[in-house]
Amino acid sequence: MSAFSSLILTQLTVPPGDLIYYIVLVFAVASALQSAFNHWQASEFPQARRAFMGLGVLLVAQVIMFIFSGLGWQHLIDPKAILPPLDRAYIIFGIIWITWLYAFPEPSKTADAAAALLSLLVITAFGLSLLVWLPQIANVSYNQTNDDLYWQIGSLLAALGGIAAIFMRKPDGMWNGIILLAIGFLGHAGHLLFPVEGNYSGIVRLAYMAAYPILLTLPQRFSISSTTTAVNPGTPAHPTTKKQDALTNIQERRRYSTDPKTFHAMLALAAETNPQKISQAITRAIAQTMLSDLCFMIFLTDNNNQLQIAGGYDLIREDSLEGGSLNKSAIPMLANSLQRGRPLRMPASSTSADVKGLGDILGLPNPGHLLCVPILTPEKQSLGGVLLLSPYSDRTWSADDQAYLANIASALVPIIKRSQSSNLLEAQNGQTHAKINDLEFHVKELTLQLEAAQAEIQNNNPIEMASLVAAQEESQRLIQQLQAENAELQSGKSIEPSTASAAQIENELKASLQEMARLQNQLAEVNMNTQDPEKVQSSTKSIEQAEVIASISQELRQPLSSIVGYTDLLLGESVGILGTLQRKFVERIKASTERINNLTDDMIQITTLEAELNDLKFEPVDLNVVIDNAMSYTSTQVREKNISMHIDLPKQLMPVQADREALQQILIHLLQNAGAATPFEGSVRLKVQTQSEGKTEYILIQVTDTGGGIPANELSRVFTRLYRADNVLIQGVGDTGVGLSITKTLTEAHHGRIWVESEQGVGSTFSVLLPISGGIENNPAAKGTK
């Protein structure tokens, strides 16, 4: 090293030359801090705010070093005692926070905690180094101590770790950070290769004087929006071609659209009355107005982990986009801003979890710059937000864009509330209609039972018959009144649902159910009074016959299992290769054997059903487990026909007081029937929800198929046992009738109700309504097994 170079390096380590070093570092950090503040104020990017905070930490630490150096120059403190260890500690402290600034531009709790922990370790190391250095002050310079060696090695490792972190994260502007740390690394390596006497390292200080001005590029990693950013859409084309055409052919770009398509989109939004299409109309109008490549309407949900995309619009392709769900963990900053009711503008950062999450969800390699504005009610309650993305035009969003979109969002509140009110009214109308259908079905059932009992009790008990008829007429009157109220709701006479009317409907429905229960009890008493000893004897004989049939059916299982096993061996060609015709015949044998096996199972269930009803054990049953077991049991049938299963369950299902095996049989039979009725590549939906009637809680299980529906004249035979030589099976029902008959019997044993609703040409919905308490208060047998 030449004498001139040594002189320069020495001047940087002694007063007043060392003040130049501190002034350069303070000026570089302060200038970068001012630039970050201006960028934050102009863009409101969270990255700019984070850069401002990190540079503020560096500036505070540098000012402390400058103050201590000035005090040592004026001999107000002993500069040789404190400043050498403090100088080394500050260098590593700066490396840690420079790495934090460049590698983690977006908020990261893990990175924040790591930076804070490493800073505390540096402070601790400074304290220990000070204790070791003080006894050696008079004998040796600090550069010749082991402490200085440890500090230099620590600085080299910290710089290497920072370079590795930045390289792996690959943030925007990564090479500026890598170059800054690499210059510092070379300074520490030079100090170890060319050691000099003294308390400070001139070559290290020279390296950082050259490196710290690079911090001025830090706030400029994310560009601020200009006033010429958006592109008007033309004819549909590929996004890449659109972008290239926009960049080369359109000379004047506009931020907001005055195209006639915008006016048409506004008219379509104003005229839209379908609640399900409101969101798509809104996103189309906003995309046309803001000239945004993609626009989405996002709503908050009751689920703490999910957001709902109600709809979207692609301006470049001029196509509406379907909705879906968003996981909040994939878009943490966006979810937080919507929940807190605050706008969010973000650049297309390569390290942003939100940008990456949206790209994965939308199938885009780079969703572009992001702008999200919350939709706030006058009470400042957040309903959701409007999200704009620019993956094709690469448009950055300005504060003017944010303010403009916020004005649009505030005007959307009445439209969204109107849509929500319409959805609520439609849901209440649907529930009322379902209850009316349920009551109509039970009234029909009751009428048939009354007609059957009328011939037996007309002469013996005319007074009781008259009361039954009167009760039936009263039920019919209530049904007609409910139908009139339902027609009034459907005609749209009141847009906002009336609380008093809804309560009245609930009370009348409850009264009708209680009246039907009383009628059923009266019918049961009449039937018991009309029984004679011959019927009792016949019942005993039937039970004995059932036991014999069950025993024979059990014996049939062994030969059937052998047939299935041998056909599997033949089909597996383990005993020889089958020809095409032979394989076809063996497959028919197996299908017929499995059919016989299923019929045998049905026979056993029918013959043993009465005994099983007496042995029901009511206990708290987890419906989730029952559903999982039923789905597993019917999975083969679903898989063979390539049927799509849709399951709609509430967030929490309370335990049901029921017999576990009986409840599982109910669900299995319903799913098997739906799978058999549904054609190849059809769909089956299982929906479970809770309902309240008075003080009683019910669980409603609904299984919907796409089997084409059941003719209206066949609905009365759906739950009868159908397989007889003179009885043709019902179209639209995939069951022989045995499974549905068993389901009805088990449901009624749980004091529940079962009914079917069918739409010809579409499909059928089988509904089972069970009391969550299991009807224990009305079932003495259940009380004993609780």
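Refer to the structure above for everything that follows.
Quick summary incoming for the structure in this document.

Okay, the overall build of the chain next. Per the secondary structure count, the chain includes 23 helices and 14 strands. Counting only contacts in the chain whose residues sit at least 6 apart along the sequence, the fraction spanning at least 24 positions is 71%. For the chain, the exposed surface amounts to about 39,800 Å²; the carbon and sulfur share of it is 57%.

Time to look at the pattern of salt bridges. Think of it this way: side chains of opposite charge can pair up when their charged atoms draw near. Across all of its chains, the model carries 11 salt bridges by this definition. Note that R205 is salt-bridged to D87, the shortest N-O span being 3.4 Å. Placement of R205 in helix α8 (residues 202-211) and of D87 in helix α4 (residues 79-103) is noted, with a sequence separation of 118 residues between them. Of the charged contacts in the structure, one is a salt bridge between E748 and K744, with a shortest N-O distance of 2.6 Å. Here E748 and its partner K744 are both found in helix α22 (residues 738-749), 4 residues apart, which amounts to about one turn of the helix. You can call E748 partly exposed: its relative accessible area is 42%. Among the residues examined, K744 registers a relative accessible area of 18% and is labelled buried. Several salt bridges share partner residues, and in doing so they unite D87, R88, D148 and R205 into one network.

Let's shift gears to the side chain of T765. Counting through the fold element by element, T765 comes out in strand β14 (residues 763-771). When its relative accessible area of 16% is taken as the criterion, T765 is described as buried.

Regular strands place side chains that alternate from one sheet face to the opposite one. By the criterion of burial, strand β1 (residues 294-300) is predominantly enclosed, with 6 of the 7 residues buried. Where β1 lies against strand β2 (residues 306-314), 7 bridges are found, and the strand directions are antiparallel. Paired with L300 across the two strands is L307, which belongs to β2. Pairing of β1 with strand β7 (residues 382-389), which is carried by 6 bridges, proceeds in the antiparallel orientation. Residue pairing in the sheet places F299 in a bridge with G384 of β7.

Rules and cut-offs
Residues numbered from 1 in each chain as written. Predicted model: local features only at pLDDT ≥ 70, side-chain atom pairs only at ≥ 80, totals over all residues. Heavy atoms only, no water. Helix = DSSP H or I, 4+ residues; strand = E, 2+ residues; numbered from the N terminus. Contact = heavy atoms within 4.5 Å. Areas by Shrake-Rupley, 256 points an atom, 1.4 Å probe, with all protein chains shown as cover. Salt bridge = Lys/Arg side-chain N within 4 Å of Asp/Glu carboxyl O. Buried < 20%, exposed > 50% of the residue type's maximum accessible area, 1.4 Å probe, protein only. Pairing = 2+ DSSP bridges.

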